[in-house]
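A look at the structure
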Amino acid sequence: MTTSTALCPARAPMLTVASTECFVLRTPQRALNVSGCRARLPSGATDTLGQRVREFFAAEREGPGLLVGALPFDPHAPDALFQPERQVSERHSTPAAPPVLTGPATAEPAPATYADMVERCVAQLSADWLADRPPDKGVLEKRGLEKAVLARSLNLQAEAPIDPLALAARLERDPSVTTYVAPLPVGDAEAPAWLVGATPELLISRRGRTVTSHPLAGSIRRRADPETDRQAAASLQASAKDLAEHRYVVDAIVAALGPLCSELDAPTTPELTATESMWHLGTRIVGTLKDDASLNGIPSAAELAGLLHPTPAVCGTPREPALAAIKSLEPVERGFYAGAVGWVDTHGDGDWYVAIRCARVQGASLRLFAGAGIVAGSLPALEVEETAAKFTALLDALGVDRAPGSQSTRDDS
């Protein structure tokens, strides 16, 4: 396979700043920085991830008892995980001046086309969803497509190759996010590529038998004026559409984790979660995994990530109809955007974050991604504006003020 050599050369030398084997996952509380690549996990679909990880660690191996990497958005596509040569204590980059861009961002699709995509998606949704009432059991048990998350992207070009670690360091100025740099598979003749981002969303964390998930769904742009910002947050908390959209995600995660847990706590009302650019509805879900021989042992963090991904927060619900809608409507393949980045160790512990607020970086080229959840109450113009706002973190790190389709990412109106 051409991608295996490009992703993971055997016994690579010590990491340089832009080395292909650079992997960073950094939260305000902890950081994982690794260099080199000792071995690659055989790639496969997401539902086989747990088994492949068990088989990998079952073999006698030298080096760190650790796998790091990324899962693609499409759960049927191959993933990209590897065992590093070593963990390093320091990142080899600090915030620097943003790269010099050679022209304006190009939207794919254009905002008007994205609005048309939203309108066509709404037409596919179950017609009996009522946007002016809170979610209830009847709504959640409808058949057919109930929600789909539609993404769009921005293409930018720089004068010189972009240092992914320097870009991640600029993203770290927001203490509410987890920054990441993960190498991506490329063909033999292609330049190295990375997924670089700053995500606010935890897919799954496992420590021993304790598991935690913090899904986000339902969003609104932050405002510069404090009073207007408070009003925006309050409107999000009161939005029947956003509460229903969020409930789909929580219910899906609870349904997946429930059979594996002896205890599972999922609050019925979401809380506000803030980044520098967005308000989100979030629910912190905490459980205790069963120690049950019938489960073939306690599932690892990787197995749990494979079970949950993709959640309705980045895909929609039900999963297969949502995947089909995304493939039929989006003009650009997501690749590893809206997938997951993380790690798992020999004990099964690990952290996996949803790969949002990110860009695919390759040489001097960047492709930024953002998506919005579409339900029957969605208005195309508002979804265009939401995706424009979600580009803000990356655009700020790149020194860009405006996203195509936005009145302004810093506008107070």
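What this report covers is the structure whose coordinates are included nearby. (Residues numbered from 1 in each chain as written. Predicted model: local features only at pLDDT ≥ 70, side-chain atom pairs only at ≥ 80, totals over all residues. Heavy atoms only, no water.)

1. Let's talk about the nonpolar core
Judged by nonpolar contacts, the single largest core of 80 residues is most densely connected at L150, I204, V341 and W352. With residues up to four places along the chain from it excluded, the contact list for V341 reads L25, G69, A70, Y180, A182, L195, D351, W352, Y353 and A355. Counting residues in hydrophobic clusters, the runner-up holds 28 residues, among them L154, A168, V361 and V400. (Core = buried A, V, L, I, M, F, W, Y, C linked by side-chain atoms within 4.5 Å. Buried < 20%, exposed > 50% of the residue type's maximum accessible area, 1.4 Å probe, protein only. Contact = heavy atoms within 4.5 Å.)

2. Considerations on the sheet that holds strand β15 (residues 271–274)
The sheet built from three strands is open, its strands ordered β13-β16-β15 with antiparallel pairing. The sheet is open, and its two edges are formed by β13 (216–221) and β15, each paired on a single side. Shown here is a sheet whose adjacent strand axes are inclined to one another by a mean of 30 degrees, direction ignored. By the bridge criterion, four bridges tie β13 to strand β16 (residues 278–282) in an arrangement that is antiparallel. Bridging across to β16, L216 finds its partner in G282. Sitting on the sheet, helix α7 (residues 240–257) is in contact with β13 and β16, with an inclination near 150 degrees to β13. Most of the contacts of helix α10 (residues 380–390) go to β13, to which it runs at about 90 degrees, and overall it touches β13 and β16. (Pairing = 2+ DSSP bridges. Helix = DSSP H or I, 4+ residues; strand = E, 2+ residues; numbered from the N terminus. Axes fitted to C-alpha atoms, helices over the stretch in contact; angles between N-to-C directions.)

3. Description of unusual backbone geometry
The peptide bond linking E108 to P109 adopts the cis configuration, its omega dihedral lying at -5 degrees. Within the fold, P109 resides in the loop between β7 (106–108) and α3 (111–124). That bond from H309 to P310 is cis: its omega, -10 degrees, falls within 30 degrees of zero. Turning to its location among the elements, P310 is positioned in the loop between α8 (301–308) and β18 (316–317).

4. Structural notes on the pattern of salt bridges
Under the definition given, this model contains 21 salt bridges. Across the pair D116 and R120 runs a salt bridge, and its minimum N-O distance is 3.1 Å. With D116 and R120 both in helix α3, this residue pair falls four residues apart, about one helical turn. Since its relative accessible area comes to 35%, D116 is described here as partly exposed. A salt bridge links D351 to R207, with the nearest nitrogen and oxygen atoms 2.9 Å apart. (Salt bridge = Lys/Arg side-chain N within 4 Å of Asp/Glu carboxyl O.)

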